[in-house]
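Close look at the chain arrangement
Spelled out from the first residue to the last, the chains are:
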Amino acid sequence: MGSQLSEQWADEYDYPFVDRGDLAQVMRYVTVHEGDPIYVKEKFLDQDIRGAAPPDFSDPSEPHTALARFPIPIYLTTNYDDFMVRALQHAGKKPRQVLCPWYPSAPFHPEDFQPPEGEPPAAHPIVYHLHGHANAPESLVLTEDDYIEFLVALGEERNQPVHMSASPSPSFLPPPVAESLARMPLLFVGYSLRDWTFQVILQGIVKALPRTMHRRHVSVQMLPLQAGATDDQRRRAENYLTRYFNGLNISVYWGSAADFFRELDQRAGGMP
């Protein structure tokens, strides 16, 4: 989807460079051309996000629906939409939507991470938007400059000394999120190795965890090959990517997200 959107914006703004499929690069060009990053993010949301048709939440193999049926206390997403929240509501849960405070003046309320007293966290799961949400255009990590700023700010926070205070300051990875990253394996769904979003999560968050906290993760991947690729090209690409992900302690499922959840359903004897 990202490459298709990128091509559309590249056509609209007569993008002159060869990397037309790189959305972060193209949107940086658009932002420089318009001179107003918030206007560009509003336009992007209006054209491509806010009017998008929601998935069929009644389909058990639909990725959001399949994930919503598990007793998971925290969902990390880099999507700008609210489909994960709506899937959780469809599953009878009461999700809490929280934005990562990566940008200046971002709201931060530590109490958002506390479930109602006496209630299990999985009944009130957190949907943590690392890269912003459509309701707050300023929160979007969209251009290449946004991704760089996000990574730099994340690195600066990681290197800051810990100060105990009565009023916690905004944090990229608040304690409940950091604790989940440290204790639980991650399932990556909907990412390509070439995605900036995937690289930010891998390089800025997962690899930054202490080695004692490294878990075995799973990534659902489609091979990023051109149409007409030969069997030999497919084999070499799969071998390379498997070795790359293995070095990051990530096991790969080769196939679509729908295929993954259908197979998971079959192996588990039906979703929980």
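Everything here concerns the structure above.
Residues numbered from 1 in each chain as written. Predicted model: local features only at pLDDT ≥ 70, side-chain atom pairs only at ≥ 80, totals over all residues. Heavy atoms only, no water.

**Topic: the nonpolar core**
Side chains of a nonpolar character, in soluble globular proteins, are inclined to be buried together. Operational definition: Think of a nonpolar core as a cluster: buried Ala, Val, Leu, Ile, Met, Phe, Trp, Tyr and Cys residues, connected wherever their side-chain atoms sit within 4.5 Å. Under the scheme applied here, a residue whose accessible area is under 20% of the maximum for its type counts as buried, over 50% as exposed, and between as partly exposed, the area being computed with a 1.4 Å probe on protein chains only. Working definition: helices are DSSP H or I runs of at least four residues, strands are E runs of at least two. Numbering for both runs from the N terminus. Contact between two residues is taken to exist if any of their heavy atoms lie within 4.5 Å; hydrogens are not considered.
Of all hydrophobic cores here, the largest spans 53 residues; its most connected members are Phe44 and Phe150. If you list the elements that add at least two residues to this core, you get α1 (2–12), α2 (23–34), α3 (37–49), β3 (126–129), α6 (144–158), α7 (175–183), α8 (196–206) and α9 (231–247). In terms of residue count, the dominant contributor to this core is α8 (6 residues). Discounting chain neighbours no more than four positions away, the residues touching Phe44 are Leu5, Trp9, Leu23, Met27, Ile49, Tyr80, Leu140 and Leu142.

**Notes on helix α5 (residues 83–90)**
Listed as buried for α5 are Phe83, Met84, Val85, Ala87 and Leu88. Looking at the buried side of α5, the elements it contacts are α4 (63–68), β1 (74–77), β2 (96–99) and β3. After α5 finishes, the residue Gly92 shows a positive phi value of roughly 85°.

**Describing the pattern of salt bridges**
Side-chain pairs of opposite charge can arise whenever the charged atoms involved come near each other. Spelled out, the test is: Within this document, salt bridges are pairs made up of a side-chain nitrogen of Lys or Arg and a carboxyl oxygen of Asp or Glu, the two lying within 4 Å of each other.
Per the counting criterion, the structure on display carries 12 salt bridges. Lys43 is the salt-bridge partner of Glu12, the closest N and O atoms lying 2.8 Å from each other. Of the two residues, Glu12 sits in helix α1 while Lys43 sits in helix α3, which places them 31 residues apart along the sequence. Relative accessible area serves as the criterion here: at 17%, Lys43 is assigned to the buried category. The residue Asp145 makes a salt bridge to Arg28 at a minimum N-O spacing of 3.2 Å. With Asp145 in helix α6 and Arg28 in helix α2, this pair connects stretches of sequence that are 117 residues apart. On the accessibility criterion, Asp145 (39% relative accessible area) is partly exposed. Here the residues in one salt-bridge network are Glu7, Asp11 and Arg20, joined through shared partners.

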